[in-house]
Amino acid sequence: MSNFRWNYRCLMFLFSLLDILIILVFSPAKSKAELPKSDAASTVQIEVNKAPEGVINQTVETSNAPLSAKKARNNLTGQVTPVSQLLEVAPPTNKKAPNNVAGQVTSVSQLSDVKPTDWAFQALQSLVERYGVITGYTDGTFKGDRSLTRYEFAAGLNAALNRLNELIATSTTDLVKREDLDTLKKLQEQFSPELAQLRGRLDTLEVRSAKLESTQFSTTTKLIGRAQIVVGSVLAGNNVVTKTPAAHNPTLQGLTSLRLNTSFTGKDSLGITLSGGSIESLGQTRAGLLGTYEGRTADNASITFARNQIILGGVRYRFLPYPNTQVNIYALSDGASEIGLSGPINPYFESSSATGGNGISRFSRRSLVYNYGDSGAGIAVLQGLGKQVQLGLAYSAPNGNNPTANNGFFKGRYLALAQLIYYSSDRNFRVAGTYVNTYSPANTIGFSGTNFGPADGSNLINSTVPGAGTVGNLYGLQTFYQISPKLAIDAWVSYAAQRYLGHGDGDGMDWAVGLAFPDLFKEGALGGVLVGMEPKMISLSKNVDLGAGAGQADKDTSLHIEAFYQYKIGDNIEITPGLIWITAPNSDSSNPDSLFAWVRTLFRF
């Protein structure tokens, strides 16, 4: 008899818990009440392993939480919270939790907001009148249509446990009726096949889980892949060097990148990128189809490596020594990539490892202030200054692995960068000021195929004096404003003060204004339009000759006009057709306008 009493008391306890769960957990789901909203942005992973210039899209994954209804996947393996996301943590609230303390009710009728027609009325009546484990709020209500807090669940569970102890202590046996036990027995008999099936499924899952754990590639490493197939063609335009019409031959090309993200502590990330492709650049400085970098697409393979050759594109280790401090140490990347490039203030046009590529051209993604860098070794630090300000500092040496004269980590080509970003409290407005100091020894060639310059824009801005080292001081001001969920605007202006050592000075400049249209015609789609002036040489010392004659700067203004539409076929496939129109190519009005079309299909896996 004592064994039976203990068993039925266990059943009583299970019934009580079941009733509590039904009312406190499932009842809110029946209501239309909204969950309290949090201002904290989702923690996302940013991967900024930068391949050698142009090998793959410079990828910076930033949070678009304020911009899109989509949430980034929470990737525990290899995930590190960047400072730009740490700044988005909601401030502590001073609101007090509602007062849940009230006297014990003895009848469900004492709860003014509970009616006999409510779907959980009988369960409530049982818990209140038979077991006495439900208390209401101080205003005499139950509030069954609001969300359950962990504190309330703990209180309800404690009441049930206390009541169970009372039943055990008093050996009360008349609270369970014979019909209840008969009903329980029938339920057990009716659901025995389902329970057996569930038990079998669990056993199978355990076996499969053990097999996966024993054969998986790594418990700490995740592989991220991206492949692009691009169809493109010049529709109009001349080669600016030969002054002859450029060939209008459509091409079909591709590019692939594989990234391994490894975490050792859960708060760090080691990123390694392998990539290769065959996407030809339409032009380079005084070379290529168009004879200029103006209008350069963002998907070009590196011009310094053979086509379809797999190369190491990035090696970087990132960790958080303090909650608001992120340190990136990289053997192959660049400082502009490691502080986030223009992702935080140009999120719809910039590329990312999550979305692949957005803007069709390199110019539409970022200003010249970010483009003088090149892949190499370095260190970067991102520091949060309060909730709305972030400071980024970086030092990179593109030829830091070369021990020969005028090279190395400290004596060769370098880039020192500082950036301060301000975010509004709602994250809809951002403004960034950027400064870069860079130096390149004479006749140094980097992954971008140039020894100095932004690798887009006119030929003069990408030229140097043969045999002379070059120093640059770059200044950029960028801003972004999310006008509405379906409309955003970004703009920038940049200035470059360049010194050709022993010869003289030159001044460069660029600017742009872009409009982005999230969810255009379809949820998840993106439209973009941008108008700007690509980098050009606006003035030059009379003793400096960059190929157009002594003291000759760019004489005209070339406009870059771009439009694209990114259409999502599924979560991992999207097609982005776009057009790039260049007026007065190479900042020379004697050159006819250039027009080319680009259709990118992106696959993520």
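Bear in mind the structure is a predicted one, so any value in this text is a computation, not a measurement.

**Brief notes about the overall build of the chain**
Working step 1: Helix and strand counts for the chain come out as 9 helices and 16 strands.
Working step 2: Expressed as a percentage of its 605 residues, the buried residues of the chain come to 47%.
Working step 3: By sequence separation, contacts in the chain at least 24 residues apart represent 69% of the contacts at least 6 residues apart.
Working step 4: Looking at the chain as shown, the accessible area adds up to about 28,300 Å², and 60% of this sits on carbon and sulfur atoms.

**Section: helix 3 (residues 121–131)**
Working step 1: When helix 3 is considered as a whole, its buried residues turn out to be Phe121, Ala123, Leu124, Ser126, Leu127, Val128 and Tyr131.
Working step 2: With its phi angle positive at about 60°, Gly132 sits one or two positions after the end of helix 3.

**Structural notes on the pattern of salt bridges**
Working step 1: Counting across every chain of the model gives 8 salt bridges.
Working step 2: Put simply, Arg600 and Asp299 hold a salt bridge, and the shortest N to O gap is 3.2 Å. Here Arg600 is found in strand 16 (residues 594–604), whereas its partner Asp299 is found in the loop between strand 3 (268–277) and strand 4 (311–322), with 301 residues between them in sequence. Here Arg600 matches Asp299 in class, with each residue buried.
Working step 3: Arg366 is the partner of Glu350 in a salt bridge, and the nearest nitrogen-oxygen pair spans 2.6 Å. A residue pair is termed long-range when its members are at least 10 positions apart, and Glu350 in the loop between helix 7 (335–338) and helix 8 (362–365) and Arg366 in the loop between helix 8 and strand 6 (376–384) qualify at 16 residues.

**Looking at the confidence of the model for the chain**
Working step 1: Of all residues in the chain, 76% have pLDDT values of 70 or greater, and the mean over the chain is 77.
Working step 2: Contacts from residues 1–14, a stretch scored under 50 in pLDDT, to residues over four places away or in other chains number 16 contacts.
Working step 3: Contacts for the low-pLDDT stretch residues 20–102, under 50 throughout, to residues beyond four places or in other chains number 243 contacts.

**Concerning the side chain of Arg365**
Working step 1: Of note, Arg365 is situated in helix 8.
Working step 2: As a buried residue without a salt bridge, Arg365 has its nearest oppositely charged side chain in Asp299, at a separation of 4.2 Å.
Working step 3: Reaching out from Arg365, the side chain makes a polar contact with the backbone oxygen of Gly359 at a distance of 2.9 Å.

**A word on the packing of aromatic side chains**
Working step 1: Summed over all chains, the structure comprises 14 aromatic pairs.
Working step 2: Pairwise contacts between aromatic rings join Tyr395, Phe409, Phe410, Tyr414 and Tyr439 into one cluster.
Working step 3: Here the basic side chain of Arg427 rests over the ring of Tyr423, its NZ or CZ set 4.1 Å away from the ring centre.
Working step 4: Sitting over the face of the ring of Tyr567, Lys522 holds its NZ or CZ atom 5.5 Å from the ring centroid.

**Considerations on the nonpolar core**
Working step 1: Tyr372, Leu417, Leu474, Tyr500, Met537, Leu540 and Leu546 are the most contacted members of the largest nonpolar core, which totals 30 residues.
Working step 2: In terms of residue count, the dominant contributor to this core is strand 8 (residues 414–423) (4 residues).
Working step 3: Setting aside residues no more than four positions away along its own chain, Tyr500 makes contact with Ser463, Thr464, Val465, Gly469, Thr470, Asp505, Gly506, Met537, Leu540, Val544 and Leu546.
Working step 4: In this structure, Leu290, Phe480, Ala488 and Ile580 belong to the second largest nonpolar core, which totals 23 residues.

**A few points about the environment of Thr141**
Working step 1: Here Thr141 shows up in the loop between helix 3 and helix 4 (150–170).
Working step 2: When the C-alpha atoms of Thr141 and Val114 are compared, they prove to be 7.6 Å apart, with 27 residues separating the residues in sequence.
Working step 3: Setting aside chain neighbours within four positions, we find Thr141 in contact with Leu111, Ser112, Asp113 and Gly136.

**Let's talk about the pairing of strand 5 (residues 325–333)**
Working step 1: Burial within strand 5 is extensive, with 7 of its 9 residues counted as buried.
Working step 2: Between strand 4 and strand 5, which pair antiparallel in sequence order, lie 2 residues.
Working step 3: As judged from the 7 bridges shared by strand 5 and strand 6, these two strands associate in the antiparallel manner. The residue bridging Ile329 from the neighbouring strand is Ile379, located in strand 6.

**Some remarks on the environment of Gly457**
Working step 1: Note that Gly457 resides in the loop between strand 9 (429–440) and strand 10 (470–484).
Working step 2: Between the C-alpha atom of Gly457 and that of Pro535, which follows or precedes it by 78 residues, the distance is 4.5 Å.

**Regarding unusual backbone geometry**
Working step 1: Even without a glycine there, the phi angle at Ala455 is positive, about 60°.
Working step 2: With respect to the helices and strands, Ala455 occurs in the loop between strand 9 and strand 10.
Working step 3: The phi angle at Asn586 is positive, at roughly 60°, despite the residue not being glycine.
Working step 4: Within the element layout of this structure, Asn586 appears in the loop between strand 15 (573–582) and strand 16.
Working step 5: Since its relative accessible area comes to 16%, Asn586 is described here as buried.

**Observations regarding a nonpolar patch on the surface**
Working step 1: On the surface, Leu223, Leu258, Leu274, Ile310, Leu312 and Phe605 cluster together into a nonpolar patch covering about 570 Å² of accessible area.
Working step 2: A relative accessible area of 48% means that Leu223 is categorised as partly exposed.

**Regarding the side chain of Gln326**
Working step 1: On the secondary structure map, Gln326 appears in strand 5.
Working step 2: With a relative accessible area of 0%, Gln326 lands in the buried category.

**Some thoughts on the pairing of strand 16**
Working step 1: In this structure, strand 1 (residues 221–236) lies alongside strand 16, joined through 10 bridges in antiparallel fashion. The residue bridging Ala236 from the neighbouring strand is Leu595, located in strand 16.
Working step 2: Taken together, the 10 bridges between strand 15 and strand 16 define a ladder with antiparallel strand orientation. Residue pairing across strands places Ile575 opposite Thr601, the latter belonging to strand 16.

Parameters at a glance
- Residues numbered from 1 in each chain as written.
- Predicted model: local features only at pLDDT ≥ 70, side-chain atom pairs only at ≥ 80, totals over all residues.
- Heavy atoms only, no water.
- Helix = DSSP H or I, 4+ residues; strand = E, 2+ residues; numbered from the N terminus.
- Buried < 20%, exposed > 50% of the residue type's maximum accessible area, 1.4 Å probe, protein only.
- Contact = heavy atoms within 4.5 Å.
- Areas by Shrake-Rupley, 256 points an atom, 1.4 Å probe, with all protein chains shown as cover.
- Salt bridge = Lys/Arg side-chain N within 4 Å of Asp/Glu carboxyl O.
- pLDDT = per-residue confidence, 0-100.
- Lys, Arg positive; Asp, Glu negative; His and termini not counted.
- Polar contact = N/O pair within 3.5 Å; in protein donor to acceptor, adjacent residues only side chain to side chain.
- Phe/Tyr/Trp six-rings, centres within 6.5 Å; stacked < 30°, edge-to-face > 60°.
- Lys NZ or Arg CZ within 6 Å of the ring centre and 35° of its normal.
- Core = buried A, V, L, I, M, F, W, Y, C linked by side-chain atoms within 4.5 Å.
- Pairing = 2+ DSSP bridges.
- Patch = residues over 30% accessible without salt bridge, like charges linked within 9 Å, V, L, I, M, F, W, Y side chains within 5 Å.

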